[in-house]
Amino acid sequence: MWQARVYFVSGPAPLPDIAALTNEEGRFTLSAPSPGPYMIECNADGYTTEVVGVNVGEDEQGVEFLLSPTS
């Protein structure tokens with residue numbers, strides 16, 4: 001998914017607006033301000049929104065979102 005918006009929804013402390021757009025390969029990078037549990041959301045026009053939980057600081061290798069076209 002190219003140009004999907006990915007951003008932190010919640011974390012262990014108040015968050016500034018941190019977001020990224022996916023590249024042509026659907027990859028993105030977000031920098032968490034501190035270790036701990038986060039909820040990350042991904043959305044794109046014409047697709048469902050997905051939310052996943054990650055625990056930053058526990059050797060997290062990546063997050064995968066599977067967006068489905070909306071009907």
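Residues numbered from 1 in each chain as written. Predicted model: local features only at pLDDT ≥ 70, side-chain atom pairs only at ≥ 80, totals over all residues. Heavy atoms only, no water.

Looking at chain direction, strand S1 (residues 5-10) and strand S2 (residues 19-21) are connected through three bridges and run antiparallel. Its bridge partner being in S2, arginine 5 is matched across the sheet by leucine 21. As paired elements, S1 and strand S3 (residues 36-43) share five bridges and run antiparallel to each other. Across the sheet, the residue bridging to phenylalanine 8 is isoleucine 40, located in S3. (Pairing = 2+ DSSP bridges. Helix = DSSP H or I, 4+ residues; strand = E, 2+ residues; numbered from the N terminus.)

Further remarks concern the packing of aromatic side chains. Across all of its chains, the model carries two aromatic pairs by this definition. Taking 6.0 Å as the distance between ring centres and 45 degrees as the angle between the ring planes, the aromatic pair formed by phenylalanine 28 and phenylalanine 65 counts as tilted. With phenylalanine 28 in the loop between S2 and S3 and phenylalanine 65 in the segment after strand S4 (50-56), this residue pair connects regions lying 37 residues apart in the sequence. Taking the relative accessible area as the measure of exposure, phenylalanine 65 reaches 14% and is therefore buried. Above the plane of the ring of tyrosine 7 lies arginine 5, whose end atom (NZ or CZ) is 4.6 Å from the centre. (Phe/Tyr/Trp six-rings, centres within 6.5 Å; stacked < 30°, edge-to-face > 60°. Buried < 20%, exposed > 50% of the residue type's maximum accessible area, 1.4 Å probe, protein only. Lys NZ or Arg CZ within 6 Å of the ring centre and 35° of its normal.)

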